[in-house]
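Working through the structure, step by step
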Amino acid sequence: MIGIINGEVYDPQNGINGEVRDIWIEDGKIASPPGLGGTGGGGTEGGQIIDAAGLVVMPGGVDIHSHIVGAKVNAGRKFRPEDHRDHVRSRTAYTRSGSGYTVPSTFMTGYGYAEMGYTTVMEAATAPLVARHTHEELDDTPMVDKGAFITMGNNHFIMKCIRDGQREKARHYVAWLLGASKGYAIKIVNPGGVENWKWGRNVGELDDEVIGFGVTPRQIVTTLAWINDELGLPHMPHIHGINLGQTGNARTTVETIEALEGHRAHLCHLQFLSYGGEPGKSIRSGAEQVARAVNEHPNVTIDVGQVVFGQATTMTSDGPLQYRLHQLSGNKWINDDVEGETGGGIVPMQYKRNNLINAVQWLIGLELFLLIDDPWQVFLTTDHPNAGPFFCYPQVIKLLMDREYRAEMLEGIHRRARKGTLLPEIDREYSLYEIAIVTRAGTARALGLQNKGHLGVGADADVTIYHKLDDKEAMFARPYLVLKDGQVVVRDGQIVREHQGRTLYVAPPYDPGIETDLRAHFEECYTVSFDNYPVAPEYLSRGEVIPCA
Amino acid sequence: MKIENVVCPFCGCLCDDIVVEVEDNRITAVTKTCSVSRSFFLHAHTGPAHPTVDGQEVEWPEALDVTARILADSASPLIYGLSSTASEAQRKAIALADLLGASIDSTSSVCHGPTTIGIQNQGEPTCTLGEVKHRADLVVFWGCNPAEAHVRHFARYSVSARGKLTPQGRKDRTVVVVDVRPTRSSRTADVFLQPRPGCDYEVLTAMRALLKGETSDVAEVGGVSVAQLVDLLERMKSCRFGVIFFGMGVTQTGGKYLNIAELLALVAELNAYTRFTTMPMRGHGNVAGADCTLTWQTGYPFAINFARGYPQYNPGEFTAVDLLARQEADAALIIASDPVAHFPRRAAQWLSQIPTIVLDPEVNLTAREARVVLPTAVYGVSAAGTAYRMDNVPLPLKKIVDSPQPTDEQVLDWIIERVKT
């Protein structure tokens, strides 16, 4: 038994706000205190006591949206040697070497997250056709528990079902697909727009037509939101809406929220989707309008995708967006259309303080954080590596917790961006309790991970202990201790033990009768056979099925 | 027993619809496949059963001890090959290289390594092969000859394949071949352009200039008439979905990666007119997988060195041919490849002078020169594993028959254990 005693505990799921509590751990789980007849009745003999007096204790961090593995991330690594050369990690007796800054190698990614106090990370987008690749990489991503979202917003089978009015069939298909790809959640990226990109086009409105299918982005979103609720999936449909990166997209983002008609949904990296102004004209913040919609819709959660000034690599399944970024920036461009399912692209990017557009993007992210009232609805991400690398989260935390730092940063950005922003008028500072919500408790709840993001009895013993420092960036960048499944894996910000985390996935039941239709669909639409498509359980060295409701 | 939907691991097409018949643990018939694949399956299971050291048969523990000693005593070991083994084994090979502080390189460095460098300069508009099958109405083969090297490519993916927007297969497509000589592929093409050897860069540059609206005051570029180039560009701009497949005829001729960067730039620029994509014709069955595994574990796809404790990348310095020709490698572990048969003479000669270990199902030329030969099972025949198709789609390789040999992955695990202790 391990005891973490006298620590200042932040466990929002259980309403604990900085009170001094003792946390007990047994067999990798949070346990009852010894001697109280609970699970840990054997006392502390042979155990370990960690004196956390004066230290801050939180559940391990849970990242709800990050691009860490799979075909797209790996293509980003492969075509950016310039990203890696000066950012390396040497091997040690128990850790592997690696390289990469915005697109680090898998081992380096796992170590980096753990060293920042994060113990669970969700890969934000995987085409099911290449899910096998994703799982091979997840298996080489140590330290953290992990899972992958499966892109479905441009899937031919689903769009055919919608066209033919066969919602039930689509529901069975989605259930089959999640199990076959060992995925965790439904991901929607630019619904219909990626299919249209295969014709060199896009969609701009929720009621635009998807070429060749006669369905609309609205139908795709509402059908998948309905399916998600019907299947009782632990997470919500994870939506990257239409018009990402376009001025004036705040309007279609609000329309998307309204189109859900009360169904639960998570809208990701909303900073990129909260732009005001007119399409094609200069960028303005639409954060107020979007935050208001989020405040009025408790069925919705969001993550921000906060811009961090410096290097980034944009990579999404949003093919037309990435082509646009290539044309705007002149930077090198990868495009990867995936048969019958989705597409994608990659463009390196640098966010500059003195660039008007980048400065406005930076402001919009912070405005969303500060204008959305309920921290259980807004989560911290940088859409790694799209708006900045994940290891910059501590800097974002400092911006949220420290008004003076925010004002100081504001002074350094493009002058015209400062005009008209709401930021100087917002006094709000996040508390440690709220930080615990937006970085672990809230994300775990939104993901439906009942054993994560809190320190109640039975939770996974993923615990992070921080020094209590005034400089919040320093505090969150280098935890004193990180425990994963009850074992100390990080001490003073350094890995002291390699750990293989679990891969979390769902396997909702479906009507096996659908396989006849699927065989025909594969004959017609794919270049791989139906039998060679599903990812066998052997690909997950520590797989765990998260139950559906 | 009939086994369906078998994946052939031989070439980058990774056809996954093959039917193999097995009787008494022997493959007796292979149908729905090409002659190369049939021959591969029928003869894949004939390698030696015992490891050898200095030509003498020994038991596994002894062979592994000698292997571990060679590698541990080496100041500058090289691990090379990887393209005909499964990704599970590739991952272990990289772990071993990391542990040893070795150099590691795949056969990419002598085929599509320049493609990678071109992509690192320019990006790559690409797609999976199903997009070509269903959408492409203009298919260009540049410096490659799939009719002989990727035999079922035309039928399954690119030329006669019937897709949603190409229901009539061949009739719905215009096929262009660009090559320095007529080939079996060019004979099936609608348009054949024959540049002079080594002039691909000039031709591609001229095409980019013409696409930008520049006019030409010469009648021909690199052996191709400007009129032909203008005609090809018109076809490219006006097609629905175009693709250029390219091979070693552009990657390994003068200019190397510059040819590829130019080709990739042209394809990217064509997207201002229509959807246009491109794809390298990867040769070995899992050479694309070698790029993938090396990249996710180290950040780089080939030509990697761990001597400083972290991965460094430098084609020309850490590529196998260069390390051997400069006599820098002092021991080598060759996995599923035959460099003595394929490398330039100086590199091959040095390989036979240093202690070399070979992991391979067959006794190839390299094995004949090696100190230690570790015979392993054949992925896709006598071992299960994963391979990545030329478009990076990963497919499961089946175990069809039993064999006494361990897998590459198992042997590499044993070596890692011994090197650690």
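As the structure is a prediction and not an experimental result, all values here were calculated from the model. (Residues numbered from 1 in each chain as written. Chains lettered and ligands numbered in written order. Predicted model: local features only at pLDDT ≥ 70, side-chain atom pairs only at ≥ 80, totals over all residues. Heavy atoms only, no water.)

Side note on the overall build of chain B
What chain B contains, in helices and strands, is 18 helices and 22 strands. Based on the C-alpha atoms only, the size of chain B along its principal axes is roughly 70 × 50 × 30 Å. Out of the 421 residues belonging to chain B, those deemed buried represent 64%. Sequence-distant contacts in chain B: of pairs separated by 6 or more residues, those separated by 24 or more amount to 67%. Carbon and sulfur atoms provide 49% of the accessible area of chain B, an area that totals close to 14800 Å². (Helix = DSSP H or I, 4+ residues; strand = E, 2+ residues; numbered from the N terminus. Buried < 20%, exposed > 50% of the residue type's maximum accessible area, 1.4 Å probe, protein only. Contact = heavy atoms within 4.5 Å. Areas by Shrake-Rupley, 256 points an atom, 1.4 Å probe, with all protein chains shown as cover.)

Thoughts on the side chain of asparagine 145 of chain B
Residue and element names in this part refer to chain B. One can find asparagine 145 in the loop between β9 (138-142) and α6 (146-149). Overall, asparagine 145 belongs to the buried group, its relative accessible area being 15%. Among the polar contacts listed, one links the side chain of asparagine 145 to the side chain of serine 185, at a separation of 2.5 Å. (Polar contact = N/O pair within 3.5 Å; in protein donor to acceptor, adjacent residues only side chain to side chain.)

Some details on empty space enclosed by the protein
Across all of its chains, the model carries six cavities of 30 Å³ or more by this definition. The space that makes up the largest cavity amounts to roughly 610 Å³. Ala71, Lys72, Ala75 and Asp336 of chain A together with Asn392 of chain B are the residues nearest the centre of the largest cavity, which is lined by 46 residues in total. Tallying contributions element by element places helix α1 (residues 71-78) of chain A first for the lining of the largest cavity, with six residues. Looking at the lining of the largest cavity residue by residue, the class counts come to 19 nonpolar, 19 polar and eight charged. (1 Å grid on protein atoms, 1.4 Å probe; cavity = no way out; pocket = protein on both sides within 12 Å on 5 of 7 lines; lining within 4 Å. Points joined across faces, edges and corners; volume = space filled by probe spheres on them. Nonpolar A, V, L, I, M, F, W, Y, C, P; charged D, E, K, R; others polar.)

Structural notes on the sheet that holds strand β14 (residues 241-246) of chain B
In sheet architecture, strand pairing relies on hydrogen bonds along the backbone and comes in two forms, parallel and antiparallel. Residue and element names in this part refer to chain B. Spatial ordering of the open sheet is given by β11-β10-β9-β14-β15, a layout of five strands whose pairing is parallel. Each of the sheet's edge strands pairs with one partner strand only, and the pair in question is β11 (191-193) and β15 (275-280). Between one strand and the next, the sheet's axes are offset by a mean angle of 15 degrees, whatever the strand orientation. Helix-sheet contacts for helix α10 (residues 226-238) involve β9, β10 (174-178), β11, β14 and β15, and the interaxial angle to β11 is about 135 degrees. (Pairing = 2+ DSSP bridges. Axes fitted to C-alpha atoms, helices over the stretch in contact; angles between N-to-C directions.)

Details of the pattern of salt bridges
Residue and element names in this part refer to chain A. Applying the stated criterion across every chain yields a total of 57 salt bridges over all chains. Between arginine 418 and glutamate 411 there is a salt bridge whose closest N-O contact spans 3.8 Å. Looking at glutamate 411, the relative accessible area reads 55%, which means it is exposed. Note that arginine 428 is salt-bridged to glutamate 434, the shortest N-O span being 3.4 Å. (Salt bridge = Lys/Arg side-chain N within 4 Å of Asp/Glu carboxyl O.)

Focus on the nonpolar core
Core analysis: the biggest nonpolar cluster contains 201 residues, and Val174, Tyr184 and Trp362 of chain A together with Leu96, Ile104 and Ile415 of chain B have the highest contact counts within it. With residues up to four places along the chain from it excluded, the contact list for tryptophan 362 of chain A reads Gln306, Val307, Phe309, Leu399, Arg406, Met409, Leu410, Ile413 and Leu423 of chain A. (Core = buried A, V, L, I, M, F, W, Y, C linked by side-chain atoms within 4.5 Å.)

Brief notes about the packing of helix α4 (residues 113-122) of chain B against helix α12 (residues 257-270) of chain B
Residues and elements named next belong to chain B. For the pair α4 and α12, the least separation of the axes is 8 Å and the interaxial angle reads 50 degrees. In terms of axis orientation, α4 runs oblique to α12. Taken as a pair, α4 and α12 cross one another with a handedness that is right-handed. For the pair α4 and α12, the contacting residues are Pro114, Thr115, Ile117, Gly118, Ile119, Asn121 and Gln122 in the first and Tyr257, Ile260, Ala261, Leu264 and Ala265 in the second. For the contact of α4 with α12, the residue count by class is eight nonpolar, four polar and no charged. (Parallel < 35°, antiparallel > 145°, perpendicular 65-115°, else oblique. Left-handed = near helix turned anticlockwise from the far one by under 90°.)

A word on the confidence of the model for chain B
When pLDDT is averaged along chain B, the result is 97; 100% of the residues meet or exceed 70. Predicted complex, confidence summary: ipTM 0.98, pTM 0.98. (pLDDT = per-residue confidence, 0-100.)

Description of the sheet that holds strand β8 (residues 123-127) of chain B
Judged by pairing direction, the sheet is mixed, and its four strands sit side by side in the order β17(A)-β19(A)-β18(A)-β8(B) without closing on themselves. A strand with exactly one partner marks an edge of an open sheet, and here the two such strands are β17 (310-316) of chain A together with β8 of chain B. This sheet shows a mean twist of 20 degrees between the axes of neighbouring strands, independent of strand direction. Summarising the sheet, strand β18 (residues 333-337) of chain A and β8 of chain B pair through five bridges and their orientation is parallel. Paired with isoleucine 334 of chain A across the bridge in β8 of chain B is glutamate 124 of chain B. Strand contacts of α4 of chain B: β18 of chain A together with β8 of chain B, with the helix running at about 110 degrees to β8 of chain B, the strand carrying the most contacts.

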